[in-house]
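Here is what each chain is made of, one letter per residue.
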Amino acid sequence: MAMQRLLASSVVAATPRWLPVAESFLRRRHRPRCCSPLPVLLFNRRSWSKPRKVSRGISMVSRKVNKQGDFCNEGMLPHILWWKEKMERCRKPSSIQLTQRLVYSNILGLDPTLRNGSMKDGNLNTEMLQFKSKFPREILLCRVGDFYEAVGFDACILVEHAGLNPFGGLRSDSIPKAGCPVMNLRQTLDDLTRCGYSVCIVEEIQGPTQARARKGRFISGHAHPGSPYVFGLAEVDHDVEFPDPMPVVGISRSAKGYCLISVLETMKTYSAEEGLTEEAVVTKLRICRYHHLYLHSTLRNNSSGTSRWGEFGEGGLLWGECNGKSFEWFDGNPIEELLCKVREIYGLDEKTVFRNVTVSLEGRPQPLYLGTATQIGILETSFLILHHLMSRHQFKLVKLLESKEVNHIEFCRIKNVLDEVLFMSSNAELSAILNKLLEPAAVATGLKVEADMLVKECGSISQRIAEVISLGGESDQAITSFEYIPKEFFNDMESSWKGRVKRVHAEEEFSNVDIAAEALSTAVIEDFLPIISRVKSVISSNGSPKGEICYSKEHEAVWFKGKRFTPNVWANTPGEHQIKQLKPAIDSKGRKVGEEWFTTIKIDNALTRYHEACDIAKGKILQLLRGLSSELQDKINILVYCSTLLIITKALFGHVSEGRRRGWVLPTLSPLCKDYVTEEISSEMELLGAFPYWFDTNQGNAILNDVHMHSLFILTGPNGGGKSSMLRSVCAAALLGICGLMVPAASAVIPHFDSIMLHMKAYDSPADGKSSFQIEMSEIRSLVSRATARSLVLIDEICRGTETAKGTCIAGSIIERLDNVGCIGIISTHLHGIFDLPLSLHSTDFKAMGTEVIDGCIQPTWKLMDGICRESLAFQTARKEGMPDLIIRRAEELYLALSTNKQTSSTVNHEPSISNLTVNSLVEKPDYLRNGLELQSGAFVLLRKEVESVVTTICKKKLLDLYNKRSISELIEVICVAVGAREQPPPSTVGRSSIYIIIRRDNKLYVGQTDDLVGRLSAHRSKEGMQDAMMLYVLVPGKSIACQLETLLINLLPSKGFKLINKADGKHRHFDSLSRGPVTL
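Residues numbered from 1 in each chain as written. Predicted model: local features only at pLDDT ≥ 70, side-chain atom pairs only at ≥ 80, totals over all residues. Heavy atoms only, no water.

Concerning the sheet that holds strand β1 (residues 139-144)
For clarity, the cut-off: For two strands to be treated as a pair, DSSP must find at least two bridges joining them. Secondary structure is summarised from DSSP: a helix means a run of H or I of at least four residues, a strand means a run of E of at least two, and numbering begins at the N terminus for each. Fitted lines through C-alpha atoms serve as axes, helices being fitted only where they are in contact, and the angles separating the N-to-C directions of these axes extend from 0 to 180 degrees. Contact definition: two residues touch when any of their heavy atoms are within 4.5 Å.
Taking strand neighbours across the sheet as the criterion, the five strands line up as β3-β2-β1-β4-β5 in an open arrangement whose pairing is mixed. One side of each edge strand has no neighbouring strand; the edge strands of this open sheet are β3 (177-181) and β5 (217-223). Recorded for the sheet is a direction-independent mean angle of 30° between the axes of neighbouring strands. Pairing between β1 and strand β2 (residues 147-151): three bridges, direction antiparallel. Paired with Val144 across the two strands is Phe147, which belongs to β2. Of the strands in this sheet, β1, β2, β4 (199-204) and β5 are in contact with helix α6 (residues 124-134), which crosses β1 at around 140°.

Dropping the structure here:
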């Protein structure tokens, strides 16, 4: 009734939208040539002002449809429009041609006037129409012999998205028809579900049928995105991989905020997360893959829902996420209506009950913001592995049990899970852990199970599985073997059902197979063996006779295969009687297999008996497996609970093991009052020996820092000094800590934050018409507006995307606001003008990432310290990344001129008199920076020129010597080419021999030769400390010359005062190149 009311209201509100469908019933088959390939359904409203004219336009197609019956009732109209939209999106030429033959008078899209388009009662099209009517928005694949066929709309989708060719080519007089072979069904289903389509599969009832009688058909299952087709999986002898389940998602809005409803059809569960921010909703949409998306009418700004919801404010981010994606609107009570939609999509009974697994947000932090989740790596990395493992395994378990398609491998896996839970309960130490984890498992599944009941149920289920399922090692289930029958035959016939259940449950069937196999062996010995013995003993002038007992895998038969074994003269010799009994082998359709294959009546009968015995045994095994599945359907909740419990346990074990290896520690969490408000002592966060979570302290590559946070502090430091890493490290430690997990630090005290908000870099969004600064302001607006005294706010390089003066003032105002709120946090910046603003700050501190002078150059220490660091190391960073020296030198000149101009007007930026900002120390050495860079640049350029000169001289001397000795045909010009840091050799070096010299920053050289200069340089730069290495290279004629020059340079360069790191390589003698003594310069 609800759907009828919704349909009626839609028709009244938007009548013109439905009129095109009515026209599709009345349109003539011949379409205007100037129209789109698809049937045109849009028209002028005036043409409908006089309904009496409509009846005059009824085409012969519609009359023929009316004679055969009404194929489309009123309830199918929205589904037909839905398929029309899908057809308009077809882009392949072949699928577009197919859409030209569609009509929109039935849910299949078939034109009854075309060839094979008849809709007479009892034919295949009518039968498919009945199946399609039950699931109108699913692609229908109907089994017809060795193919799965689709017609109409479905055939167009198969051609468009599954890469299949239409049946009968593109002939215009036939209905659209396509399909796939039975063996390719899984691949076709994967292609369709990957594109977001659901598929309904119709199977034929196998077995003999009467002549000219139609085979019965039934819906064997469905394939949805995230929910595979499982029919027949109980027969397979391998594990089946399942994708992550994809829920149906609905979004609504109320006074509490946004609400995200997620429904899993297979699990029969739903969750409704209320009070979400817009950023949290978008984050969750990006994290999960969903089957259908529904938006509630409370999100609209107008009746059509076409406006950008709050384009410059609330709702704009969500609109940008949903824009361009497929979604539908819905009204009414969000949860109840969405559950109705799910029942309709999956064809469930109206009384189907869904379990509420919503996790209460009381006392928990707010969901992460989009920027926070993205920058800390939660969206696409292993943080979601635990969730995927739980949902995927639960989904697979429930899907297979409900479908009664659990195979023996999955039963063994279920038993292993149960046995591990039983083992934990029986161990004194593990039992305490098990009891602690019962609550998290209950939260994750929405099921409450007591420990005693859990142990009891696990024991009974495990015992029942052990009674039925063969756990391996039984000697009474070996594959049959006889001397004269190929082993492959019995292996193929019996391996698909033996070793699955205990023999005691199918003793009669097993015995019948053994008897039939022995009878087959006897028949082969009696009918074929004498012929084989005769063939081996007879020698003929026409060529030796050939004959052997072979296994025909295609026909699943054991036959005699031979040539020239018939005697020229029959003399009643051994084997002649058996030869006379032979007859040509035929296949299941009565056709002769070949000229070399023979059998006998006795062997055919024995084969038939053996196959029938195997089929009966296999059927019995499947019956037992499905029977056990049916028994365990009542235990699904217990099995889901156990599976979730074990996954949580193993995940925590892995986390703790890796955390202890890396030197992580469990934090101290500030306590919560009963009303979920933190006590006074929880206003500070302390991390001692903290380090980035992506580093391993055991390898000695992590810098440890002590972070004492009792308020907001402003963080300054040079480029590459570790500011962003500090923000990410603090964010990760806080997030892990409040989740009860180990954190990367030596010790930690973490308060119960109500929200953790991290903003790093922002990008522009051309689709939304927003610049990077607009995006940054939008995200910071959310942070500032939601921040409380219990929030952790982390902002990296605030206001970087706009003009410096005004950006500095905006940043200062934001800092004031957060300071007044009293939150804990870090704001990093290069806007040093903030320190000259008359800010009203109460508790904000100033921190810096330290620097030190090494060999006259300023280098970052990555250590957190008190004070302000005004040095950015911008010139050094630009040079390190390969910026040309000419540009750097000019920039230094401009910077010096700018500094001089500032000195004449103010000395604020060069004086350490900032005591009014309560700064404890000052880390500022601009003079060191400029002098150090010039010194470093000049020394390095001089070294490069010296190396280039010496290498050129040595190579010229050697090549001239080789030319004089006729070792090379022509004298080669030596050109030494430099490749700067972050540069690559030109394409002309590809495939050519060369020698090269790597010049490291520590003034040491590496000499080598190669035929792949680009690859060799990449390999060197991938090593620690070699990212900015510079290289000189010389192209030479051939690898032999390159090897000689390499050895020569390695031996001569040290004598010229250069330091080599591969000096030992000079001991090699390439082609006796050094036997004649060194080259003199």
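Some points on the pattern of salt bridges
Oppositely charged side chains may form a pair once their charged atoms are brought near each other. Cut-off, in case you're wondering: By salt bridge we mean one thing: a side-chain nitrogen of Lys or Arg within 4 Å of a carboxyl oxygen of Asp or Glu. For each residue, the accessible area found with a 1.4 Å probe, counting protein chains only, is set against the maximum for its type, and the residue is called buried under 20%, exposed over 50%, and partly exposed in between.
Scanning all chains against the criterion turns up 41 salt bridges. One salt bridge connects Asp866 with Lys847, and the closest N-O pair in it is separated by 2.5 Å. Of this pair, Asp866 sits in strand β25 (residues 857-866) while Lys847 sits in strand β24 (residues 845-854); the two residues are 19 residues apart in sequence, bridging distant segments of the chain. Owing to a relative accessible area of 31%, Asp866 belongs among the partly exposed residues under this scheme. Residue class for Lys847 comes out buried when judged on its relative accessible area of 15%. Notably, a salt bridge pairs Glu893 with Arg890, separated by 3.2 Å at the nearest N-O pair. Of this pair, Glu893 and Arg890 both sit in helix α27 (residues 885-905), three residues apart, roughly one helical turn. Owing to a relative accessible area of 47%, Arg890 belongs among the partly exposed residues under this scheme.

So, helix α9 (residues 278-287)
Burial within α9 is extensive, with seven of its 10 residues counted as buried. Within α9 the residues assigned to the buried category are Glu278, Glu279, Ala280, Val281, Val282, Thr283 and Leu285.

Considerations on the UniProt feature "domain: DNA mismatch repair proteins mutS family" (unreviewed entry) in the chain
Rules: UniProt positions are given in the numbering used here, feature names are shortened, and annotations may be inferred rather than shown by experiment.
UniProt records the feature "domain: DNA mismatch repair proteins mutS family" (unreviewed entry) for residues 791-807 in the present numbering. From the first C-alpha to the last, residues 791-807 spans 24 Å; its make-up is 24% helix and 29% strand.

Thoughts on helix α23 (residues 723-738)
Since the α-helix advances by 3.6 residues per turn, residues separated by three or four positions end up pointing in the same direction. Threshold: The length a helix should cover is 1.5 Å for every residue beyond the first.
For α23, which comprises 16 residues, the first-to-last C-alpha distance of 23 Å matches the rise-based estimate of 22 Å (1.5 Å per residue) to within 8%. The buried fraction of α23 amounts to 13 of the 16 residues, a majority that puts the element mostly inside the structure. Two residues or fewer after α23 comes Gly740, characterised by a positive phi angle close to 80°.

Notes on the nonpolar core
Note the following rule: The criterion is simple. A nonpolar core is a set of buried Ala, Val, Leu, Ile, Met, Phe, Trp, Tyr and Cys residues joined through side-chain atoms within 4.5 Å.
In terms of nonpolar packing, the biggest core is built from 85 residues, with Phe411, Leu454, Ile465, Phe489 and Tyr610 touching the most fellow members. The dominant element in this core, judged by the number of residues it contributes, is helix α21 (residues 601-632), at 13 residues.

Regarding a nonpolar patch on the surface
We apply this condition: Each patch is built from residues that are more than 30% exposed by relative accessible area and take part in no salt bridge. Like charges join if they lie within 9 Å; nonpolar side chains (Val, Leu, Ile, Met, Phe, Trp, Tyr) join within 5 Å. Areas reported here follow the Shrake-Rupley algorithm with a probe of radius 1.4 Å; residue values treat only the protein chains shown as occluding.
Taken together, the side chains of Ile205, Phe218 and Phe231 make up a nonpolar region of the molecular surface, amounting to roughly 240 Å² of accessible area. The residue Phe231 is located in the loop between β5 and β6 (248-254) in this model. Given a relative accessible area of 32%, Phe231 falls into the partly exposed group.

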